[in-house]
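This is what each chain is made of:
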Amino acid sequence: QAHVADRRGGVHRRGGGVDVQDPSGEGGASGIELVDLLHHVLAAGDAEVEALTCYLCDREQAWADSWTEIGQELDADIKLFVNFQGLDVTKKDDWAKQRKFLSADLFISSYFASEVVRIKDKAADFWKEVGSSAKKGAKFLFIDNAHTAFTDYIAQIASDNGLKAVVVKQVEKT
């Protein structure tokens with residue numbers, strides 16, 4: 001299931017690049033979202049996008065190895081900067097001083113809701129900070145299981161933090 005939420009405005013490009021953020025502080029991001037996004041950008045032939053800067057934020061340090069290799073392996077006509085940032089959304093001391101991720105144009109939450117729904121109270125401050133401090137025009141893409149426990153949690157995150165649902169799409173895997 002994919003949800004797109006909009007933070008206070010339209011699409012925003014800064015300096016010819018697009019910043020991408022995947023706040024998977026509990027796990028779930030494999031990098032396929034980056035590959036799909038890059039494919040989309042290249043297929044669209046958007047000459048305005050000269051660079052793509054990506055940050056994977058996750059408490060699992062092991063993701064750094066595979067994530068940074070993506071940038072080395074992809075052959076693209078745009079500059080690709082891939083970074084890993086250790087971050088646990090359940091620990092405010094872990095993310096409160098990290099501000100770079102809040103400047104992203106696109107936040108991708110890949111199977112994050114299903115990972116933290118059982119401890120959602122511990123992640124609430126993180127989402128409050130993201131909702132109040134993300135730059136104007138930032139988009140949020142939530143990709144997760146279609147179970148109501150997860151979709152309701154995603155809807156609650158959006159509602160509590162000033163995000164407006166733009167698209168909700170359920171996709172059956174075959």
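First, a word on scope: everything that follows refers to the structure included in this document.

This part is about the overall build of the protein chain. From N to C terminus, the protein chain includes 6 helices and 7 strands. The helix and strand sequence of the protein chain, counted from the amino end, reads β-β-α-β-α-β-α-β-α-α-β-α-β. Across the 174 residues in the protein chain, those meeting the buried criterion constitute 47%. Long-range contacts, defined as pairs at least 24 residues apart, comprise 86% of the intrachain contacts of the protein chain with a sequence gap of at least 6.

A rise of 1.5 Å per residue sets the reference length of helix α5 (residues 120-133), with its 14 residues, at 20 Å; its end C-alpha atoms lie 19 Å apart and thus fit the reference within 8%. Along its length, α5 shows its largest kink, about 25°, at F126.

Okay, the pattern of salt bridges next. Enumeration over the complete set of coordinates arrives at 2 salt bridges. E129 is the partner of R99 in a salt bridge, and the nearest nitrogen-oxygen pair spans 2.7 Å. Note that R99 is positioned in the loop between α3 (92-95) and β5 (106-110) and E129 in helix α5, a separation of 30 residues in sequence. Between D105 and K135 there is a salt bridge whose closest N-O contact spans 2.7 Å. With D105 in the loop between α3 and β5 and K135 in the loop between α5 and β6 (139-143), this residue pair connects regions lying 30 residues apart in the sequence. Each member of the pair, D105 as well as K135, carries the same accessibility label: buried.

Here we come to the pairing of strand β3 (residues 51-58). Residues in a regular strand point their side chains to alternate faces of the sheet. The element β3 is largely enclosed, with a buried count of 8 among its 8 residues. The side-chain alternation of β3 yields two buried faces, one formed by A51, T53, Y55 and C57 and the other by L52, C54, L56 and D58. Relative to strand β4 (residues 79-86), β3 is paired through 8 bridges, and the arrangement is parallel. Paired with T53 across the two strands is F81, which belongs to β4.

Definitions and limits used
Residues numbered from 1 in each chain as written. Predicted model: local features only at pLDDT ≥ 70, side-chain atom pairs only at ≥ 80, totals over all residues. Heavy atoms only, no water. Helix = DSSP H or I, 4+ residues; strand = E, 2+ residues; numbered from the N terminus. Buried < 20%, exposed > 50% of the residue type's maximum accessible area, 1.4 Å probe, protein only. Contact = heavy atoms within 4.5 Å. Expected span 1.5 Å × (residues − 1). Bend = angle between axes of the 7 residues up to and from the residue. Salt bridge = Lys/Arg side-chain N within 4 Å of Asp/Glu carboxyl O. Pairing = 2+ DSSP bridges.

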